[in-house]
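Analysis of the macromolecular model
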Amino acid sequence: MDDNAAGELQIYSIEEKSAGTATCAVRCVGGVVRTGRPFRLRLDDDATGGPVLLSLDWIKLYGKVTDSLYPSYSALVQFSGDGVSLLARGLILASSAKDES
C-alpha cells in the first residue's frame, strides 16, 4: 500500500465541537490518512463558494496517538479550521497525497 496516497475519512459521529475544533469518531474509507494534511469537505451542494479546508490535528487509534490511519480502521480524530461547524455524520473528507500549503 502506498503510504503517500490521498486519504478519505467518513464521519461516524461528532463527539465534541467548539469554535474552531471538533473531535469526531471516523472510519478511514480510502487511501492513507495522515495528521497535518489539509482535508476538504465533500458537500452535496456547493453553496459554500469555495473549498472548505480543515486540518487533521491528531488521530487516536485504540487509545494511542498515531500519525496515520489505513482503510477500514476507525479512530477518534480532531479537526481544526473554519469549517468545523459544517461537520456532520456521514460526510466524507478527502485529503491530498501531498501537503497543500
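Every value quoted in this text rests on a predicted model; they were computed, and no experiment measured them.

Calculation criteria
- Residues numbered from 1 in each chain as written.
- Predicted model: local features only at pLDDT ≥ 70, side-chain atom pairs only at ≥ 80, totals over all residues.
- Heavy atoms only, no water.
- Helix = DSSP H or I, 4+ residues; strand = E, 2+ residues; numbered from the N terminus.
- Contact = heavy atoms within 4.5 Å.
- Pairing = 2+ DSSP bridges.
- Buried < 20%, exposed > 50% of the residue type's maximum accessible area, 1.4 Å probe, protein only.
- Phe/Tyr/Trp six-rings, centres within 6.5 Å; stacked < 30°, edge-to-face > 60°.
- Lys NZ or Arg CZ within 6 Å of the ring centre and 35° of its normal.

1. A word on the environment of Gln78
Within the secondary structure, Gln78 sits in strand β8 (residues 74-80). In sequence terms Gln78 and Glu16 are 62 residues apart; their C-alpha atoms lie 9.2 Å from each other. In this structure Gln78 touches Thr21, Ala22, Thr23, Ser55, Leu56, Asp57 and Trp58, once residues within four positions along its chain are discounted.

2. Concerning the pairing of strand β5 (residues 53-61)
With 3 bridges joining them, strand β4 (residues 38-41) and β5 adopt antiparallel strand pairing. Within β5, the position partnered with Phe39 by the bridge is Leu54. With 5 bridges joining them, β5 and β8 adopt antiparallel strand pairing. Following the sheet pairing, Ser55 is matched in β8 by Ser80. Here β5 pairs with strand β6 (residues 64-66) via 3 bridges, running antiparallel. Considered in β6, the bridge of Ile59 is made with Thr66.

3. Overview of the side chain of Ser68
With respect to the helices and strands, Ser68 occurs in strand β7 (residues 68-69). Not counting the four nearest positions on each side in its chain, Ser68 is found in contact with Val32, Val33, Arg34 and Ile59.

4. Considerations on the environment of Glu8
Within the secondary structure layout, Glu8 lies in strand β1 (residues 8-18). On the basis of relative accessible area, Glu8 is assigned to the partly exposed category, the value being 21%. Separated by 21 residues in the primary sequence, Glu8 and Val29 have C-alpha atoms spaced 5.5 Å apart.

5. Focus on the packing of aromatic side chains
Evaluation of the coordinates by the stated rule reveals 1 aromatic pair. Ring geometry for Phe39 against Phe79: centres 6.0 Å apart, planes inclined by 75°, an arrangement best described as edge-to-face. Note that Phe39 is positioned in strand β4 and Phe79 in strand β8, a separation of 40 residues in sequence. In this structure Phe79 comes out as buried when scored by relative accessible area, which is 0%. Sitting over the face of the ring of Trp58, Lys60 holds its NZ or CZ atom 5.0 Å from the ring centroid.

6. Here's the deal with the pairing of strand β2 (residues 21-30)
When a strand is regular, its side chains alternate between the sheet's two faces. Among the 10 residues of β2, 7 are classified as buried, and the element is accordingly described as predominantly covered. Between β1 and β2, which follow one another and run antiparallel, lie 2 residues, and Gly20 among them has a positive phi close to 95°. The pairing of β2 with β8 spans 7 bridges and is classified as antiparallel. Paired with Thr23 across the strands is Gln78, a residue of β8.

Nothing here speaks to function; it is geometry throughout.
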